Amino acid sequence: VAGHLISKNRNNDLTMKRAHLGEFEEIVLLMVAMLEGNAYGVSIAHEIIAQTNRDVGLNQVHASLQRLEGKGMVASKMSDPTRERGGRRKRLFNITAYGRQTLIDIQTVRTSIWNLLPSSVKPTGI
Amino acid sequence: MKTSSEPTPPLWATRLLRWYCAPNLLEEVEGDLHEEFIYQVGEVGLKKAQRNYITNVLGFVRPFAIKRKSSSISTPFLNMNMCKHFLTVAFRTLIRQKVFSFINVAGLSLGMVCCLFIFLWVQDEKGVDNFHAHRDALYRIYQTTHAEGEISGSYATPFVTSSGDFKEALSFAENLKQDIPEIKYATSYATGYELPWGHPETFQVDNKIYKLEGSRAGEDFFKMLSYDIVAGDRENALKNLNSLAISRKMAELFFDTPEGAIGKSIRYENKLDLVITAVFENVSSESSLKFDYLISWETCKTQRIEFASNDWVTFILLEDNAAAKETEMKINRWLKGRRIDVREGAKVELGLQRYSDQYLFSNFVNGKPQAGRMEYVNIFSGVAIFILIMACINFMNLATARSLKRAKEIGVRKVIGSSRISLVVQFLGESSLLSLLALMLSVTLTLILLPAFNIFTGKQITFAFFESSSWVFLMCLLLFTSLAAGCYPALFLSSFKPVRTLKGMVPVTWVSIWFRKGLAGFQFVLSIVLMVATIVVSQQTGYVQNTHLGYDKENLIYIRIEGELNPKYQVFKEQVSRMPGIAMVDRSSEAPHAMGFTVVGPINWEGKPKDADVGFKPTSVGFDFLKLMNLKITAGRGFSRAHVTDTAAFMLNEEAVKQMGLKNPIGAWVSAWDKKGHIVGILKDYHMNSLHEPINPLIVDVKEDLYFGVIIIRTEPGKTEEALVSLEKVYKEINPNYPFDYQFVDQEYDKLYRNEQVMAKLSTAFAGLAIIISCLGLLGLVMFSAEQRTKEIGIRKVLGASIADIINLLSRDFLKLIMVAFLIAAPVSGYFMHRWLQNFAFQIELSWWIFGLAGAAALLIALLTVCIQAVQSAVANPVDSLKSE
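Let me sum up the structure you'll find in this document. The structure presented is a predicted model; accordingly, all values stated were derived computationally and were not measured.

Conventions we followed
Residues numbered from 1 in each chain as written. Chains lettered and ligands numbered in written order. Predicted model: local features only at pLDDT ≥ 70, side-chain atom pairs only at ≥ 80, totals over all residues. Heavy atoms only, no water. Helix = DSSP H or I, 4+ residues; strand = E, 2+ residues; numbered from the N terminus. Rg over C-alpha atoms; globule rule 2.2 N^0.38 Å. Buried < 20%, exposed > 50% of the residue type's maximum accessible area, 1.4 Å probe, protein only. Contact = heavy atoms within 4.5 Å. Areas by Shrake-Rupley, 256 points an atom, 1.4 Å probe, with all protein chains shown as cover. Expected span 1.5 Å × (residues − 1). Bend = angle between axes of the 7 residues up to and from the residue. Phe/Tyr/Trp six-rings, centres within 6.5 Å; stacked < 30°, edge-to-face > 60°. Lys NZ or Arg CZ within 6 Å of the ring centre and 35° of its normal. Patch = residues over 30% accessible without salt bridge, like charges linked within 9 Å, V, L, I, M, F, W, Y side chains within 5 Å. Salt bridge = Lys/Arg side-chain N within 4 Å of Asp/Glu carboxyl O. Lys, Arg positive; Asp, Glu negative; His and termini not counted. Charge placed at Lys NZ, Arg CZ, Asp CG, Glu CD. Disulfide = S-S within 2.5 Å. Buried area = accessible area lost by both parts, 1.4 Å probe. Polar contact = N/O pair within 3.5 Å; in protein donor to acceptor, adjacent residues only side chain to side chain.

Bringing the overall build of chain B into the picture now. Along its length, chain B carries 29 helices and 26 strands. Computed over its C-alpha atoms, the radius of gyration of chain B comes to 38 Å, more than 25% above the 29 Å expected for a compact globule of 885 residues. In terms of overall dimensions, chain B has a C-alpha envelope of 115 × 90 × 65 Å along the principal axes. In chain B, which comprises 885 residues, the proportion classed as buried is 50%. Nonlocal contacts in chain B, meaning residues at least 24 apart in sequence, comprise 79% of its contacts between residues at least 6 apart.

See below:
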C-alpha cells in the first residue's frame, strides 16, 4: 500500500526512523499479528518454537512484549480468568496500526533490496 | 493424562516469584508460567517440568519484571524547574533563619577545617619515604630476638660473624649481597649525629669551618635510593676509601657551587682529608633519613670514623623477581652458621620490612615493627572524624528541631503531590548546599591558616589544590557531610503525615526528642573527653618540665670535647673559670640530661650474684662535677682532690645500691671494665634522662683525660650573654680548628618532650574546637526551645514567674544532659589517659579534680551559652509575645 509513496532515496530515512525493532522483537510482533487476538506469553512462545524451531524462554517473550507495548506497536488487555491457569487471567496482545505499519515498512525495504540483488546471489525460488 | 491430584510447580519458586515480581505483572507472569508448566508436564514429565519451571522463574529476575510501576504520574524525578525551586527555597530558608544558618555553616566549616588539616598532615606523613623509584623492592632488615621468654626487636645489624672481627661485622651488607642472589644491592647506614654519642661533625676547607650533621653509607646507597645527584657520579659516589658525598647546601657553603666541589678535598674532624665525589640535592622533608653529607662505608672500615651508635642499620634492594618472604628465609639460613654473638638459649631471626613503612611503623611490638607514628595518624584521623560528626550533629539537631516550622510546608507539598523521594532529595539538597558553603569557607580558612599550621607541626605542607587526591578528598568530605548531616532530617521530615501536620498537630515523638538529646549529649561526651585529655596532657607536660631533677638545670651550658679541648682541658678550665659571667667549669663523659649509654656486662662488684642483670648508666666526670651539678650525697663523701686514691674511686646512686643488693656499700669494691676501686659515696637519685624513663642505676668515676664527652659550664644567673662571650673567646684561642658550638641544658631537656608539647597544643586546639561546636549546637537548641515556648514564658511571667524561674525552666533540661554526658565521659577519658600516661615512668596522678574541672568547665560553658538565650527570653516583655493572639 505504502510502497509507491516511498521514493527510493527516502527509503532509508523512514526505516531508520520507524523500525526500532530488534530481530527477536520483529518475530514476536509477527506472532502477535498471526495469532489474531489469542496472543499471550505462552501461545507466542510456543508458536515461535513451532515456526522457527528456536529455543525461546518465556522471560524473553515477556520482555519483548513489554518493549513492544512501550513503543506502541502492540496493545494489551486482560482476558477473563481461565481454569487451566489456576483461575489467573491472561494478558492478550493485539497489534496496533503503528505496529502493522512498521512490519509493512520493514517488509517493503527488504523486498526492494532483494530485488536489487544480482541473480547469482539469489537463491532459486525467491 | 490422569493424575490423582493436580501436578504443582515447586512452591518456593512460586513464592520467590511473588516476592520479586512487580505486582502489576505478577498475575500474567504467574499464569503464563503455570500454563507452561502444565503443558510441560504432559510433554516431558513432572520432574523436568518442575526444573524448567524453576529456570523460568529465575529467568524472570530481570529489571522489567522487578521494577515497580510508580504510583503517581511519572515525571522525571529531578527536572530543572524543581531544582530551581528547591534552590530558591533553600536560599530563602537560609536567609530567613540567619542565626541557625550561621551556626550550621560555622560549625560545619570548623569541623571541615579540622579535617582538612589532618588530611594534609596525614598525606604528608604517608608520603615520607615514598619518593624512591625502587620503593617496591626496597627493604629494611630488622631482628627479632626471643630470649628468656621475652621477645624484642631492633633495626640494629652489627652482627659478629664467625671470624669475630669488627671489620667483618661492618661488611655484613656486602657479604649478604655477594652470597644471596636475590639481593641486588645492599647498604649499611649509620648517622653521626643521633643519640647516644652523636653530634654535628666539623668540616674545614682553608679557613671555612662548619659543623654539619651527616651519616655513613655503603657504595650502593645512591643506586638504591632516589636522592638526586646534582654533580658528580651516582655509580661510584661512595665506592672508594675517603670518598664523600655532600649536599648542595654544604657544597655552596664551602665551594659556592655544586660543580666546584667535585674532586675537592675537605678536612673532616681535623684528622682526615676526604675527597668529594658527588653532590646531592638537599634532602627534602619527604625523606626519613636526614644528612648533609655521606662518608663512604669503606672509610668507616679502615679509618677511625665514629658512629653515633654502634647499631647501624642495613637496607637492601631485591631483584625484580625476588619475593621478600623467600629472601628473608635465605638470609636467616645464611646467617645461622655464621653468627657467634647470639647468647645461649636465645633465638634470633631476621625480617624484612618495606622501606616505605619504616617511617610510620618503627616501634617494635612482639619483636616486629608494627607501631609508631601510625598511632598518631590514627588518633588524629579519628579525632578529625569525630569533630566533623559533631558538626554534622548540630545540623541534624537544628534541622529536626526546626521541623515544626517546616511541618506545614511539608504537609502542603505532600498534598500537592510531592513524593517522599522528592522531599528527601529536597532536604538532602539543602544540606549539600550548606555543606558546600561550609566547604568553601573552610578551604579559604585552611589556606589562610596553613603557614601557622606549618610552624606548629614543623612541616612544609602545601595545599596541592590541583592534585586529584585533594579533589577526591574534598568531594568525599562534601558528600560525607551532606549525607551525615542531611540523612536523618531528610528521612524524618519527609515522613510527616500531611493530614496531621496541616491540622496543626506537631509530629514530635519521644524517639525524636531522645535522639536529639542523645546527639547533643554525645557532643558533650566528646568535649569533656577532650578537655580531660587537655588537662592531663598539659599537667603531665608541666610536671615533667618543672619537676626538680635532683640537680640544678638552670644556667648550665655544655660544649662537646673535641680537638684540643681534651689535651688542653686544664688550661681551658682555668682560663674560663676566671672569665666574667662564669661560675664553674667541669666535665662529664655524657651530657647530664640524657645519658644514653647503658651497660650490663662490664660492671662487677663485691658479692655480685651470678644471675645479676643490672643495667648501669656509667659516666666519668671531673672532680667538681658534684658541686657543679648541685647533687646531694646521702652517704659517704664526694670525690675530692684531697684524696689521692680518688682517681680510682666510684660513686653510685641509691637505685644502683638497691638493685645491686649491697648491704654496706661504702668501702666495697666495684669495677668498670678494667678499672677497679672502692665506693666512696652514695648519690641521692637524680634524673639522668627524661621522665619517660625510670631512674636507672648510676656508676660514676673520675677521669679527666677522656677524648670524648662534654665540658659543662655553670654561668652566673642573669649573665648568660657575658658568659657566652667569655667562652667563645677562650674556645677560639684553644681550639681554633673547631667552630664554637654550645647547648643549654634546660633547653635540650625541654626538647626531650617535643612530642608531648605538640600533643598538648593539639589536644588544646581540638578540645577548644569541640567545645565551640557543641556550644553552637546547644545555643541552637536553646534558641529553638525558647522560641517554641515564647507564649508559655509570656503567660508564666504574667502569672508572676521571676526571671530566675524562667532561666531555670529553659536550662534545666540541658544541664541534666551535661550531667549524663559527664558520667559517660569520665570513665572513658580516664581509661585513655591512663594508657597515655604509661609512656612515662613518672606520672601525675589521675586525681578526681581533673575530671571535676573538665565537667565543671563543660557545665559552666554550657550554662553561659544557655543563659545568653534564656535571659533574653526571660526579660522580654510578655505583652509582645501574647498580643498576637
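Now that the structure is up, let's keep going.
The next point concerns the overall build of chain A. Across its full length, chain A holds five helices and two strands. Looking at chain A as a whole, 38% of its 126 residues are labelled buried. In chain A, the proportion of contacts linking residues at least 24 apart, taken out of those at least 6 apart, comes to 52%. As presented, chain A carries roughly 7500 Å² of accessible surface, and 53% of it is formed by carbon and sulfur atoms.

Moving on, we get to unusual backbone geometry. All names here are of chain B. You will see that Asp129, though not glycine, has its phi angle at about 65 degrees, which is positive. Its location among the elements puts Asp129 in the loop between α6 (98-127) and β1 (138-147). On the accessibility criterion, Asp129 (0% relative accessible area) is buried. If you check the backbone angles, Asn555 has positive phi at about 55 degrees while not being a glycine. Here Asn555 lies in the loop between α19 (510-546) and β16 (556-560). By relative accessible area, which is 26% here, Asn555 ends up partly exposed.

All right, on to helix α28 (residues 848-875) of chain B then. All names here are of chain B. Under the 1.5 Å per step criterion, the end-to-end length of α28 is 38 Å for 28 residues, consistent within 8% with the ideal 40 Å. At Cys867, α28 shows its largest bend, some 30 degrees. Taken together, the buried positions of α28 are occupied by Ile850, Phe851, Ala854, Gly855, Ala858, Ala862, Thr865, Val866, Gln869, Ala870, Ser873 and Ala874. Among the structural elements, α19, α25 (754-788), α26 (790-798) and α27 (803-837) are those in contact with the buried residues of α28.

Here we take up the packing of aromatic side chains. Residues and elements named next belong to chain B. For the coordinates displayed, the defined rule picks out 43 aromatic pairs over all chains. Ring centres of Phe221 and Phe291 lie 5.7 Å apart, and the angle between their planes is 75 degrees; on these two criteria the pair is classed as edge-to-face. Note that Phe221 is positioned in helix α9 (residues 221-224) and Phe291 in the loop between β10 (272-280) and β11 (293-296), a separation of 70 residues in sequence. Accessibility expressed as a relative area gives 4% for Phe291, which makes it buried. With centroids separated by 6.2 Å and ring planes inclined at 45 degrees, the aromatic side chains of Phe254 and Phe255 adopt a geometry described as tilted. One residue, Arg140, lies across the ring of Tyr155, its end atom 3.8 Å from the ring centre. A cation over an aromatic ring shows up here: Lys517 above the ring of Trp514, its NZ or CZ 5.9 Å from the ring centre.

Together, B:Glu148, B:Glu150, B:Asp611 and B:Asp613 line one region of the surface with negative charge. Considering the arrangement of structural elements, one finds B:Asp613 in the loop between β18 (603-605) and β19 (617-621).

Let's shift gears to the state of the cysteines. Residue and element names in this part refer to chain B. Summed over all chains, the structure comprises zero disulfides over all chains. Left without a disulfide partner, Cys476 is nearest to the cysteine sulfur of Cys115, which lies 11 Å away. A residue is classified by how much of its surface remains accessible, and Cys476, at 44% relative accessible area, is partly exposed.

As a further point, take the interface of chain B and chain A. Each partner contributes to the interface: chain B provides 20 residues, whereas chain A provides 18 residues. Both sides of the chain B and chain A interface together cover about 1800 Å² of buried area, and 50% of this is carbon and sulfur. Taken together, the connections running from chain B to chain A amount to three salt bridges. Note that B:Glu27 is salt-bridged to A:Arg89, the shortest N-O span being 3.1 Å. At the boundary of chain B with chain A, the tally comes to eight residue pairs in polar contact (both at pLDDT 80 or more).

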